[in-house]
Amino acid sequence: MKYKDLSIFSGNPAFSSMLHVGHPNIGNRQRFLELMNDMLDRRWFSNDGPYVKEFEKKIAEYLGVKHCIAMCNGTIALEIVIRALELKGEVIVPSFTFIATAHALQWQEITPVFCDIDPGTHHIDPKMVEKMITPRTTGILGVHIWGRPCDVEALSDLAQKHKLKLLFDAAHAFGCSYNGRMIGNFGSAEVFSFHATKFFNTMEGGAVVTNDDDLARKMRLMKNFGFAGYDNVIYIGTNGKMNEASAAMGLTNIESIEEIITINQRNYECYRKHLTGIPGINLLRYAGREKHNYQYITIEIDEAEAGLSRDGLQQVLWAENILARRYFYPGCHGMEPYKSFFPHAGMLLPETESKASSTLCLPTGTAVGTNEISVICEIIKLIIDNADLIRERIRNQE
Ligand code: T4K
C-alpha cells in the first residue's frame, strides 16, 4: 500500500516528520550525562552495580512494595517469575495483549489458554476465566491493558477458590493504582516493562515486584545464573540482569515521573476535547479516583458510524505522517505458533477479535505537543467527514 498517495492534502503529508506512538520520554538530560560519566569513571557496568541497587530501592519505595528485582526487559522478567512460581500445564491469559505475555509461557512449554475480554474494559473477563479452568490449570496471568487495572479483586477470588497462582503483567501500568494502592502490590508478583516506548523507560528494562520474600530471593538467584556467591551455583538460572546505563536512565526518569504523567494527562485531555463529537470515534477514558499514567491514547472506531474501518483510518493517518498503531492486532491467538496450535480459538474470543480490529493508538508523550494533537484531531475529523471519498480512494489503490 502506498500510504503517501492517500494523503488528503494532495500528497503532502500534514506533518513533515513522523509523529510516533512510543517516542521515548527523557528526563533531565544533564543529570543522565552526569550519571553516565560517573559510571564510566567507576568502570562498573553491570552485575548488581550501585545504580541498579539504587534504582531497585527507589522503585520499591515509589510502589510501596517490599522487593523490586530489576531485569534486562519485561519479557525475561515474565519468564523468570513464571519459572520461579513453578507454573506448568496451562495458564489462563488474555489473547488481547502484547505477544510477549503469551510467549513467556510458551517458551517454558506452558500452554497459554486464551481467554476473552470484557468489551467495556478490554481486560480479561473473570466470568470467562472460570469457564476455562481445567485440571491442568496452574495459574492466571492478568494484564493491566492500557495502564488501567484489570479486575484484580475478581481474579484474586477466583485464584483463591481454585487454588491457582495469580500473576500480573503490569507492563503498561507503572505509576497506576487499584483501589488506591499502587499496581505492583497484587497477586504473587507483578511485572513491569521499562522499554523505550513505555512512558517511564530505562531504554530496555523491566522488573518483577513482589511482597513475597522467598519468591524475591529465588528470582535474584535466577536472574544471575543461579549464583549465590563466587563459584557457587545453587539453582538453574539465566542472565536477566539490568545494566548500569539502563539503571542510570531509570534514576534520571524517576525524578521526572510526575512531570511526564502531567504531560500525558494534558495530552489525553486535549484529545478528549478535540475528539468529542466525531462520529464513530470513541476515546477510551481514564476515569475515577485511581492514579493513571495516561500513556496510551486508545480510540475505538465504530465502522458503521464512522463510515470507515479502523484500518482505513490508520492508512490515511500514516499518509499524513501520523504513525498510529493497531496494538494487539490480530490478538495472540492469531499469531504463530498459537494460530497453528489452536486454529479455532477465535470462536471463543469474539470480543478480542472485535477489539483487535477496531482499536487504534494515537501519538502522545513528551515529544507531542497540544498543537500537534489539535491538528491530528482535525485531520481525523476531516477523514471521517470525507469517509465515502476515502473509501473509494483506498479501493482504487488495492
Ligand atoms: N507485556 C506487555 C503487555 C507489553 O506491552 C510488553 C511490551 C511486554 C509484556 C514485554 O516487555 P519488553 O520485553 O518489551 O520490556 C513495542 C515495545 O517493543 C514493547 O516493549 C511493547 N510492549 C509493545 C506494546 O510495543 P513495537 O512493536 O511498538 O516497537 P516499534 O519498534 O514499532 O516502536 C514503536 C514506536 O516507537 C515506533 O513508532 C517508533 C518509536 N520508537 C521506538 C523506539 C524503540 C522511538 O521513537 N524510539 C525508540 O527508541 O513494540
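Being a predicted model, the structure only gives us computed values, none of them experimental.

On to the sheet that holds strand E12 (residues 297–301). Strand order across the open sheet formed by three strands is E11-E12-E14, with antiparallel pairing between neighbours. Single-partner strands in this sheet number two, and they are strand E11 (281–283) and strand E14 (359–362). Adjacent strand axes in the sheet meet at a mean angle of 35°, parallel and antiparallel pairs treated alike. The sheet strands contacting helix H9 (residues 257–275) are E11, E12 and E14, and the helix crosses E11 at an angle near 150°. In the packing of helix H11 (residues 310–319) onto the sheet, the strands contacted are E11, E12 and E14, and the crossing angle to E14 comes to about 25°.

The subject of this paragraph is the nonpolar core. Grouped together as the largest cluster of nonpolar side chains are 100 residues, with contacts concentrated most on Phe-174, Leu-275, Leu-313, Leu-317 and Ile-380. Mapped onto the domain boundaries, this core takes at least three residues apiece from domain 1 (3–25 + 257–324 + 363–397) and domain 2 (29–255). Non-local contacts of Phe-174, meaning those with residues more than four positions away in its chain, are made with Ile-59, Tyr-62, Leu-63, Phe-192, Phe-194, Phe-199, Phe-200, Ile-254, Ile-257 and Asn-293. Counting residues in each nonpolar core, the second largest holds 32 residues, with Leu-85, Ala-216, Met-219 and Ala-345 among its members.

Contact geometry of helix H3 (residues 74–84) with helix H4 (residues 99–106) gives a least axis separation of 9 Å together with a crossing angle of 40°. Put simply, H3 runs oblique to H4. Crossing hand, H3 versus H4: right-handed. Taken together, the residues of H4 that come into contact with H3 (itself represented by Thr-75, Leu-78, Glu-79 and Ile-82) are Ala-100, Thr-101, Ala-104 and Leu-105. Of the residues belonging to the contact of H3 with H4, the class tally is five nonpolar, two polar and one charged.

On to the domain arrangement of the protein. What the domain assignment lists for the protein is domain 1 (3–25 + 257–324 + 363–397) and domain 2 (29–255). On a C-alpha basis, the centres of domain 1 and domain 2 stand 30 Å from each other. Between domain 1 and domain 2, the residue contacts involve 19 residues of the former and 26 residues of the latter. Each partner contributes to the roughly 1900 Å² buried at the junction of domain 1 and domain 2, and carbon and sulfur atoms together form 52% of this total. Taken together, the links from domain 1 to domain 2 amount to 16 residue pairs in polar contact (both at pLDDT 80 or more).

Here is what the cut-offs are and how they apply
- Residues numbered from 1 in each chain as written.
- Predicted model: local features only at pLDDT ≥ 70, side-chain atom pairs only at ≥ 80, totals over all residues.
- Heavy atoms only, no water.
- Pairing = 2+ DSSP bridges.
- Helix = DSSP H or I, 4+ residues; strand = E, 2+ residues; numbered from the N terminus.
- Axes fitted to C-alpha atoms, helices over the stretch in contact; angles between N-to-C directions.
- Contact = heavy atoms within 4.5 Å.
- Core = buried A, V, L, I, M, F, W, Y, C linked by side-chain atoms within 4.5 Å.
- Buried < 20%, exposed > 50% of the residue type's maximum accessible area, 1.4 Å probe, protein only.
- Domains from an automatic or database assignment.
- Parallel < 35°, antiparallel > 145°, perpendicular 65-115°, else oblique.
- Left-handed = near helix turned anticlockwise from the far one by under 90°.
- Nonpolar A, V, L, I, M, F, W, Y, C, P; charged D, E, K, R; others polar.
- Buried area = accessible area lost by both parts, 1.4 Å probe.
- Polar contact = N/O pair within 3.5 Å; in protein donor to acceptor, adjacent residues only side chain to side chain.

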